[in-house]
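Overview (structure and organization)
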There are 4 protein chains.
Amino acid sequence: MSQKILFQCDYNEGAHPLIMERLLASNMEQTPGYSEDHYCRSAADKIRKACEDDTLAVHFLVGGTQTNLTVVDAGLRSHQGVLCAVSGHINVHETGAVEACGHKVLGLPSDDGKISAEQIENYCHGHFTNASFEHMVQPGMVYISNPTELGTIYSAEELKAIYEVCKKYDLYLFLDGARLGYGLTAPDNDLTLPLLAKYTDAFYIGGTKVGALFGEAIVISNESLKKDFRYLIKQRGGMLAKGRLLGIQFDTLFTDDLYFEISKHAITLAEELRAVMAAKGYTFNAPNHTNQIFVVMPDEHLKKLSEKFEYSYDAQVDETRSCVRFCTSWATKDENVKALIEAIESL
Amino acid sequence: MSQKILFQCDYNEGAHPLIMERLLASNMEQTPGYSEDHYCRSAADKIRKACEDDTLAVHFLVGGTQTNLTVVDAGLRSHQGVLCAVSGHINVHETGAVEACGHKVLGLPSDDGKISAEQIENYCHGHFTNASFEHMVQPGMVYISNPTELGTIYSAEELKAIYEVCKKYDLYLFLDGARLGYGLTAPDNDLTLPLLAKYTDAFYIGGTKVGALFGEAIVISNESLKKDFRYLIKQRGGMLAKGRLLGIQFDTLFTDDLYFEISKHAITLAEELRAVMAAKGYTFNAPNHTNQIFVVMPDEHLKKLSEKFEYSYDAQVDETRSCVRFCTSWATKDENVKALIEAIESL
Amino acid sequence: MSQKILFQCDYNEGAHPLIMERLLASNMEQTPGYSEDHYCRSAADKIRKACEDDTLAVHFLVGGTQTNLTVVDAGLRSHQGVLCAVSGHINVHETGAVEACGHKVLGLPSDDGKISAEQIENYCHGHFTNASFEHMVQPGMVYISNPTELGTIYSAEELKAIYEVCKKYDLYLFLDGARLGYGLTAPDNDLTLPLLAKYTDAFYIGGTKVGALFGEAIVISNESLKKDFRYLIKQRGGMLAKGRLLGIQFDTLFTDDLYFEISKHAITLAEELRAVMAAKGYTFNAPNHTNQIFVVMPDEHLKKLSEKFEYSYDAQVDETRSCVRFCTSWATKDENVKALIEAIESL
Amino acid sequence: MSQKILFQCDYNEGAHPLIMERLLASNMEQTPGYSEDHYCRSAADKIRKACEDDTLAVHFLVGGTQTNLTVVDAGLRSHQGVLCAVSGHINVHETGAVEACGHKVLGLPSDDGKISAEQIENYCHGHFTNASFEHMVQPGMVYISNPTELGTIYSAEELKAIYEVCKKYDLYLFLDGARLGYGLTAPDNDLTLPLLAKYTDAFYIGGTKVGALFGEAIVISNESLKKDFRYLIKQRGGMLAKGRLLGIQFDTLFTDDLYFEISKHAITLAEELRAVMAAKGYTFNAPNHTNQIFVVMPDEHLKKLSEKFEYSYDAQVDETRSCVRFCTSWATKDENVKALIEAIESL
């Protein structure tokens, strides 16, 4: 049986070879645990430098759900909830991890995975002017992801506007960057790490989907959120005994711009695929230029493709067509993209 | 300044005089605490008899939010959530009490405050057939209210259908009866206490809004839910030291059908009001025959009425009209309804 | 069958007749809900006046466990716990209500129900100098009760010392006053309401055990704790729809010093009982001058007494003697104490 | 500056070379995520085989705190707590992770880190016969660790007795095996994996401290605990996207008895150290034959040793001596032990 080529997500492989090399080289070195080692210090320094702000707190966690629940819980009092797009990862795909910490996720309507400053303004204004406001969950944080779950991205202007409304209503702004590299290297992007550090209270730089075996680097600029953060990492199960594994990986990713280089690779391949798909007449849901392609294709074509390729299923669009997701990543091989392109063109 | 007449809710007064009389008569009697007294036993017996099922567990709590959070938490494991109408009280007006216990409220779309067996079926089917089902909150309970927050009611057939789909997917069905009396005495109602006991796993009989100073009687038929329930009442702060106060009140309400008689009073007055409003050409949102009237009126009329009457504001409907709520209750005086009718007719 | 005389607790009866009278008088008056009525405003004003501080926030809740869990949860972040005596009510008799809100109760050893400033100092010093401090629950609040669960009381000097160490380590100090009246009127007491308001961040004045049908008045001096407190009351199920019932009761208790007068009644009777018991040669556990008597008596004597009187059992002391609790209260009848005294003397 | 030799814990290095080799070999292979890959299936099969029970559920998580909180929360209803030694890891060193899930940790006194069937029997009997049982946390699970936090181990007979009392009172028995290899290969051990599977409801096989980069394998025999367990892993942040990393590591550890072989290495070196220490006249706290040595040494000796070696500090024993911990592990080099022995002998 020949193995299919997997395009269904961006975590099908291990880590970038340079990371594996350094993990191997350091394997029998003795270091103290819990991220109190020189690798973590070095990685944090490099991230602060890339963000052009040496007052930032940087912490390393293993995965995205853990990171999200830890940050959200760190920022909210019991009666507060977190605003996000209805399609937000914390609202849909984390088995209620935020609610398990006691907080309601307040979903805002969204077609493309994004929410706007205006939506937040309206929600907060509505809440604080409602006669029964104390009987309702108080918004205490805004969660956005960039790229979103649908692959779309925020502009610098949009982010700044959201941040400003957050400050107006005393909300934290937290940005989930599980796929951050694929957003920052998209052709239409104008965000940068320094802008993210400036216009959020906390954000994270995703490693799991961008070159690492696992790992997310949380960057916190807000002083209140910084306080006692390591207690919360420990309590929520996110403090890795051999924390250096995270330090080594992020130190490697933030050496010689590796993080951005390997992200660009995924974008280049995704854009190639999109061009071929568009030429074929397929349309896109939540059109974007990042590494996730939500493409609407005839079911017959999909059936044929699925003999050799894995994609992930999104939704039935009409009687003959479905929307599916193809992902590229830092690890995607040119030859696999070529194979997929040929398969599409021959449909 | 003369006091306005209040129609904005159904808890503006104290308790039915018969209840006050019995509280007074028993005031210096010594009884053991925590509802382990003869009044609570008697009240529970009367409720079981009214439900025609002597295996039911009956518990008395002080208020609705407390009751809802205790029952929901009692029934769910950590990864489970509770399905309800988006307008459900637990989803909107309990400051995230259910989430504070760790559980997501899963809102289903609803125009009239009700949800259907079909909606539940579709949600559950969708969940358990989703490839990522373990990444999503598992539905573990259905919460409905009768009357709903919009005053509408379920038919016996609708309730039975909901119960059956709950059993199919191993969900608890919990019915919030904060205004139960006003549902069971509505002219178009065909539900009864025995049917409620049969077609739910737990429901509660609201006292706060129907004749008592405070108090809700939880009725549990499901054996798993019955287990250790008093521990949970205590933990969530709902175990009243002088529990007999609840026993005395429900014993009185369930003597000589007082609960139903005083409910009918509210319905009669509400129907009178509705007739006058309809004659005036006003329309109704979520039309119903219970004690809550959601009526759409010209803002000018409302302005005039508000000089002498309090109602609660619901929503702006168009440029010149708003939807507001008028409530009657067991305590509403005929003369006050008469005054309101005259005021409306003279607009 | 003749009814026994109950001395096992201080909540066997209803409410002081003056309270019942006012509840009755106001019964059909219409007021807005949720403690936003003139009775609650008046009661809060009287309490602020009695505390000699008009900046205090005052809230009314139904019961003690609810009050404790709401205050503790309001003050702590997720990684913080609350220090208290191992015998503290929140540690032993609230079915883990504090833990159910996510917080560890950190028990300190205590023989008499009290803890000292020195114990708190040592615990905090130990925590913050421990190499693994982030792996341990951070103390964020101190909970004491006055009188304690064993009937003992704090002196003004002791309270001040505890408050000062709390401020040194940035902990909230919360005092549970479920039986506060019986502490403040004890012959050896030197605390006052103004001192309590000054040397705690929050405390509550117990009504349930001191003259009310139910109800506890929370008094908050700390600005951070004041913030958004009503949201938390609602979320935890403590917001009474007909909040005026609490207002009326506390307004009555704080009119013409009723709260203190009825408390003194209980103390006078308890001291009479203690004198007789001491004369009989019985000894006391956690000796005190409040309304709870923990007396060590021969099992034979207890057996005889239990034919006519209820007390609560504490512990077997040796082969022939047990420690039991007798309580007096605002409601205890002189004739019942006389009967008990006669019974003891005749043993 | 020359680096000190670290003996303070058993997670100072990376992973066994065979694991690193396989991670490297599989690095660019494509597999599905979330432990639904062939490596995880193979590892689970090998563990089931080693436990001689093919009905066991096996799950892989990243770390110990996460594993503990997920299992404890999976097994308890809200009003239930978990019994363990006061020195238990969940009671002391997990920043209240269990409480953050809503459950009280019920500490039982212990000098050597172990608890007995008799202690559990007495606690449960006391709880269920207490008149106020519903006001107290109900024991719902027993947590033990083997080896314990102090390095001691349970005999098969002790474990069986504990399991039997758990079944008598309907408690789950959960065994934390963070250092399981070092227990099962101790010279005085008579436990085996099949016995652990038989006499617990769930236990875990620690990888982080025994040869892996990270990872713990949960083994569940109880059917109720098995149900929906992956939902809970996801919700609590423990579901690793590239789950195969865990599968590969445990597959390697359970191939050709590697797990036991490398464990024995640590034991051999620890026993050598203990012999030298005993010969020197030092005494041991919680004497044991596993990889943790709690040795009482003169402070002067410690000061001298600390120039070249890291150990972890436990407690001051008297004016001139302290108890400290030296750990060996799968990774400890013979030459380092030799250096330490020489240093001790020369004191």
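As the structure is a prediction and not an experimental result, all values here were calculated from the model. (Residues numbered from 1 in each chain as written. Chains lettered and ligands numbered in written order. Predicted model: local features only at pLDDT ≥ 70, side-chain atom pairs only at ≥ 80, totals over all residues. Heavy atoms only, no water.)

Turning to the overall build of chain A, a few remarks are in order. Looking only at helices and strands, chain A features 15 helices and 13 strands. Computed over the C-alpha atoms, the radius of gyration of chain A is 21 Å, within 12% of the 20 Å expected from 2.2 N^0.38 for a compact globule of 347 residues. In terms of overall dimensions, chain A has C-alpha extents of about 60 × 60 × 35 Å along its principal axes. Residue burial in chain A is summarised as follows: out of 347 residues, 66% are buried. Taking contacts inside chain A between residues at least 6 apart in sequence as the whole, the part at least 24 apart equals 72%. A gap of 4 Å separates the mean positions of the 32 positive and 47 negative side-chain charges of chain A. (Helix = DSSP H or I, 4+ residues; strand = E, 2+ residues; numbered from the N terminus. Rg over C-alpha atoms; globule rule 2.2 N^0.38 Å. Buried < 20%, exposed > 50% of the residue type's maximum accessible area, 1.4 Å probe, protein only. Contact = heavy atoms within 4.5 Å. Lys, Arg positive; Asp, Glu negative; His and termini not counted. Charge placed at Lys NZ, Arg CZ, Asp CG, Glu CD.)

Facing 18 residues of chain A, the contacting portion of chain B comprises 18 residues. Taking both partners together, chain A and chain B bury about 1400 Å²; carbon and sulfur atoms supply 52% of that area. The largest per-residue losses of area from chain A upon contact with chain B belong to Thr 95, Glu 99 and Lys 104 of chain A, which jointly make up 39% of the total buried on that side. Linking chain A to chain B there are two salt bridges. Of all the secondary structure elements, the ones that give two or more residues to the side of chain A that touches chain B are α4 (89-92) and α5 (97-100) of chain A. Taken together, the residues of the side of chain A that touches chain B break down into five nonpolar, nine polar and four charged. (Buried area = accessible area lost by both parts, 1.4 Å probe. Salt bridge = Lys/Arg side-chain N within 4 Å of Asp/Glu carboxyl O. Nonpolar A, V, L, I, M, F, W, Y, C, P; charged D, E, K, R; others polar.)

Another point: the relation of the copies chain A and chain D. Turning chain A through 180° and shifting it by 0.0 Å along the axis lays it on chain D, with an RMSD of 0.0 Å. Each copy turns onto its partner about a two-fold axis. Comparing contact sets, 100% of the residues at the interface of chain A also lie at the interface in chain D, consistent with an isologous, same-surface contact. (Least-squares fit on C-alpha atoms with pLDDT ≥ 70 in both.)

The partner chain D presents 47 residues to the 46 residues of chain A that form the contact. Overall, the association of chain A and chain D removes approximately 4200 Å² of surface from exposure, summing both partners, and the carbon and sulfur fraction of that is 56%. Joining chain A to chain D, the criterion identifies zero salt bridges. At the junction of chain A with chain D, the criterion picks out 28 residue pairs in polar contact (both at pLDDT 80 or more). (Polar contact = N/O pair within 3.5 Å; in protein donor to acceptor, adjacent residues only side chain to side chain.)

This part is about the sheet that holds strand β13 (residues 321-327) of chain C. Residue and element names in this part refer to chain C. Spatially, the four strands line up as an open sheet ordered β9-β10-β13-β12, and their pairing is antiparallel. Either end of the sheet is taken by a strand with one partner, and the two such strands are β9 (283-284) and β12 (312-316). Pairing of β9 with strand β10 (residues 292-298), which is carried by two bridges, proceeds in the antiparallel orientation. The partner of Thr 283 across the bridge, within β10, is Val 296. Packing of helix α13 (residues 258-279) onto the sheet brings it into contact with β9, β10 and β13, and relative to β10 it is tilted by some 20°. (Pairing = 2+ DSSP bridges. Axes fitted to C-alpha atoms, helices over the stretch in contact; angles between N-to-C directions.)

Ranked by internal contacts, the top residues of the largest apolar core, which has 134 residues, are Ile 205 of chain B together with Ile 205 of chain C. In terms of nonpolar packing, the next biggest core, distinct from the first, is built from 133 residues, Tyr 163 of chain A together with Cys 51, Leu 180 and Leu 245 of chain D among them. (Core = buried A, V, L, I, M, F, W, Y, C linked by side-chain atoms within 4.5 Å.)

What follows is about unusual backbone geometry. All names here are of chain B. In this model, Asn 146 is joined to Pro 147 through a cis peptide bond whose omega is -5°. Summarising the element assignment, Pro 147 is placed in the loop between β5 (138-145) and α7 (156-168). Phi angles above zero are rare outside glycine, and Tyr 34 is one such case at about 60°. Topologically, Tyr 34 is positioned in the loop between α1 (17-25) and α2 (38-50). For Tyr 34, a relative accessible area of 17% translates into the label buried.

This next bit is on the side chain of Arg 230 of chain A. Inspection of the secondary structure assignment puts Arg 230 of chain A in helix α11 (residues 229-235). Take Arg 230 of chain A: its relative accessible area is 16%, and that puts it in the buried class. If near-sequence neighbours (up to four positions away) are discounted, Arg 230 of chain A is found in contact with Tyr 34, Ser 35, Glu 36, His 59 and Met 239 of chain A together with Glu 134 of chain C.

Moving on, we come to the packing of aromatic side chains. Tallying each qualifying case throughout the model produces 54 aromatic pairs over all chains. Each ring, one from Tyr 311 of chain C and one from Phe 326 of chain C, has its centre 5.5 Å from the other, and the planes form 50°; the classification is tilted. With a gap of 15 residues between them, Tyr 311 of chain C in the loop between β11 (309-310) and β12 and Phe 326 of chain C in strand β13 connect regions that are remote in the sequence. Judged by relative accessible area, Tyr 311 of chain C falls into the buried class, the value being 16%. The ring of Tyr 154 of chain B has Lys 114 of chain B sitting right over it, with the charged end atom 5.2 Å from the ring centre. (Phe/Tyr/Trp six-rings, centres within 6.5 Å; stacked < 30°, edge-to-face > 60°. Lys NZ or Arg CZ within 6 Å of the ring centre and 35° of its normal.)

With that out of the way, let us pick up the pairing of strand β10 (residues 292-298) of chain B. Residue and element names in this part refer to chain B. Where burial is concerned, most of β10 is hidden: six out of the seven residues are buried. With seven bridges joining them, β10 and strand β13 (residues 321-327) adopt antiparallel strand pairing. The residue of β13 that forms the bridge with Ile 293 is Phe 326.

On to the environment of Ala 15 of chain B, then. Position of Ala 15 of chain B relative to the elements: it lies in the loop between β1 (5-6) and α1. Accessibility expressed as a relative area gives 0% for Ala 15 of chain B, which makes it buried. With near-sequence residues (within four places) excluded, Ala 15 of chain B lies in contact with Met 20, Gly 211, Ala 212, Leu 213 and Trp 330 of chain B together with Asn 27 and Met 28 of chain C.

It is worth spelling out the pattern of salt bridges at this point. In a structure, side chains of opposite charge can pair up when their charged atoms sit close to one another. What the rule picks out here adds up to 71 salt bridges over all chains. Across the pair Glu 158 of chain A and Lys 114 of chain A runs a salt bridge whose closest N-O atoms are separated by 2.9 Å. Placement of Glu 158 of chain A in helix α7 (residues 156-168) and of Lys 114 of chain A in the loop between β4 (105-108) and α6 (117-129) is noted, with a sequence separation of 44 residues between them. Measuring nitrogen to oxygen at the nearest pair gives 4.0 Å for the salt bridge that ties Lys 304 of chain D to Glu 307 of chain D. Both residues of the pair, Lys 304 of chain D and Glu 307 of chain D, belong to the exposed class. Via salt bridges that share partners, Arg 22, Lys 46 and Asp 251 of chain A belong to a single interconnected network.

Here we take up the sheet that holds strand β7 (residues 202-206) of chain D. Hydrogen bonds between backbone atoms are what pair the strands of a sheet, whose relative direction is either parallel or antiparallel. Residues and elements named next belong to chain D. Within the open sheet, the seven strands sit side by side as β2-β8-β7-β6-β5-β3-β4. Their pairing is mixed. Edge strands, defined here as strands with exactly one partner in the open sheet, are β2 (57-61) and β4 (105-108). Strand-to-strand twist across the sheet, computed as the mean angle between neighbouring axes with direction ignored, equals 25°.

Averaged over all residues, the pLDDT of chain A equals 97, while 99% of them reach at least 70. Scoring of the predicted complex yields 0.97 for pTM and 0.96 for ipTM. (pLDDT = per-residue confidence, 0-100.)

On the basis of relative accessibility, which here comes to 16%, the residue Lys 114 of chain D falls in the buried class. If sequence neighbours within four positions are ignored, Lys 114 of chain D has contacts with Gln 119, Thr 148, Thr 152, Ile 153, Tyr 154 and Glu 158 of chain D.

Residue and element names in this part refer to chain B. Of all the six residues making up strand β3 (residues 80-85), six are buried; the element is thus mostly covered by neighbouring parts of the structure. Pairing geometry for β3 and β5, over four bridges, is parallel. Directly across from Val 82, in β5, lies its bridge partner Met 141. As judged from the four bridges shared by β3 and strand β4 (residues 105-108), these two strands associate in the parallel manner.

With that out of the way, let us pick up the environment of Ser 155 of chain A. Residues and elements named next belong to chain A. Looking at where Ser 155 falls in the secondary structure, it is placed in the loop between β5 (138-145) and α7. For Ser 155, a relative accessible area of 24% translates into the label partly exposed. Along the backbone, Ser 155 and Lys 167 are twelve residues apart, and their C-alpha atoms lie at a distance of 19 Å. Ser 155 has contacts with Asp 190 and Leu 191, leaving out every residue within four places of it along the chain.

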